[in-house]
Amino acid sequence: MKLSRTNTADCVPEPPPLQSRRGHGLFVSSSPYTEAAIAECKNMLSQRVIVAAEVNEIVLLLEDPDASLADWLRAKVMAPALPAITPRF
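Residues numbered from 1 in each chain as written. Predicted model: local features only at pLDDT ≥ 70, side-chain atom pairs only at ≥ 80, totals over all residues. Heavy atoms only, no water.

### Thoughts on the overall build of the protein
And then number 1: Within the protein, the secondary structure is distributed over three helices and four strands.
And then number 2: Helices (α) and strands (β) of the protein occur, in sequence order from the N terminus, as β-β-β-α-β-α-α.
And then number 3: Burial statistics for the protein: of 89 residues in total, 10% are counted as buried.
And then number 4: Across the protein, contacts joining residues at least 24 apart in sequence account for 44% of those joining residues at least 6 apart.
And then number 5: Carbon and sulfur atoms form 61% of the exposed surface of the protein, whose accessible area is close to 7,600 Å². (Helix = DSSP H or I, 4+ residues; strand = E, 2+ residues; numbered from the N terminus. Buried < 20%, exposed > 50% of the residue type's maximum accessible area, 1.4 Å probe, protein only. Contact = heavy atoms within 4.5 Å. Areas by Shrake-Rupley, 256 points an atom, 1.4 Å probe, with all protein chains shown as cover.)

### What to know about the confidence of the model for the protein
And then number 1: Residues of the protein with pLDDT of at least 70 account for 63%, and the chain-wide mean is 74.
And then number 2: Of all helices and strands in the protein, the one with the weakest mean pLDDT is strand E1 (residues 3-5) (48), whereas helix H2 (residues 55-63) scores best (91). (pLDDT = per-residue confidence, 0-100.)

### Here's the deal with the pairing of strand E4 (residues 50-54)
And then number 1: Across five bridges, strand E3 (residues 25-29) lies against E4 in parallel orientation. Its bridge partner being in E4, Val 28 is matched across the sheet by Ala 53.
And then number 2: Assessed by its sense of winding, the connection that carries the chain from E3 through helix H1 (residues 35-44) to E4 is right-handed. (Pairing = 2+ DSSP bridges. Right-handed = clockwise from strand over helix to strand, strands pointing away.)

### Notes on the pattern of salt bridges
And then number 1: Overall, the coordinates contain two salt bridges when judged by the stated rule.
And then number 2: Residue Lys 76 pairs with Glu 57 through a salt bridge whose shortest N-O separation is 3.1 Å. Remark: Glu 57 occurs in helix H2 and Lys 76 occurs in helix H3 (residues 69-78); sequence separation between them is 19 residues.
And then number 3: Look at Glu 57 and you get partly exposed, because its relative accessible area is 28%.
And then number 4: Here Arg 74 ties to Asp 71 by a salt bridge, and the two come within 2.8 Å at their closest N and O atoms. With Arg 74 and Asp 71 both in helix H3, this residue pair falls three residues apart, about one helical turn.
And then number 5: Since its relative accessible area comes to 46%, Asp 71 is described here as partly exposed. (Salt bridge = Lys/Arg side-chain N within 4 Å of Asp/Glu carboxyl O.)

### Some remarks on the environment of Ala 52
And then number 1: Within the secondary structure, Ala 52 sits in strand E4.
And then number 2: Ala 52 gets classed as partly exposed once you look at its relative accessible area, which sits at 27%.
And then number 3: Between the alpha carbons of Ala 52 and Gly 25 there is a distance of 8.1 Å; along the sequence they are 27 residues apart.
And then number 4: Ala 52 has contacts with Phe 27, Tyr 33 and Lys 76, leaving out every residue within four places of it along the chain.

### A look at the side chain of Ser 29
And then number 1: Among the secondary structure elements, Ser 29 is positioned in strand E3.
And then number 2: Residues contacting Ser 29, with those up to four places away along its chain left out, are Ala 53, Glu 54 and Val 55.

Below, the structure is given as C-alpha cells:
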C-alpha cells in the first residue's frame, strides 16, 4: 500500500483502486437481523467474507476479561466454512 503525504507531519494510506476493493464486512446491528438479511448474507458468503453480529454479543465479549476478540472473530469467519454435521442416534 502506498502512502501519500498530505503534509510532512502525517502520512495517510492511499486507498486501493476501486476495482481491487473486495467487499468484506463486519456488520453490527442493535436489533436482531431479519430473515431477509440473513438470507442475503448467506447468498453473499460464496463471494466475500461477511460477519454479522448483534451489538449485545460484542458488548458481552468486551466485558468478559477471559474472552478474546480475535478468537471470537476467527470463529465467526470460519463458521460458514465448517460442514453441517447431523448427529446420528
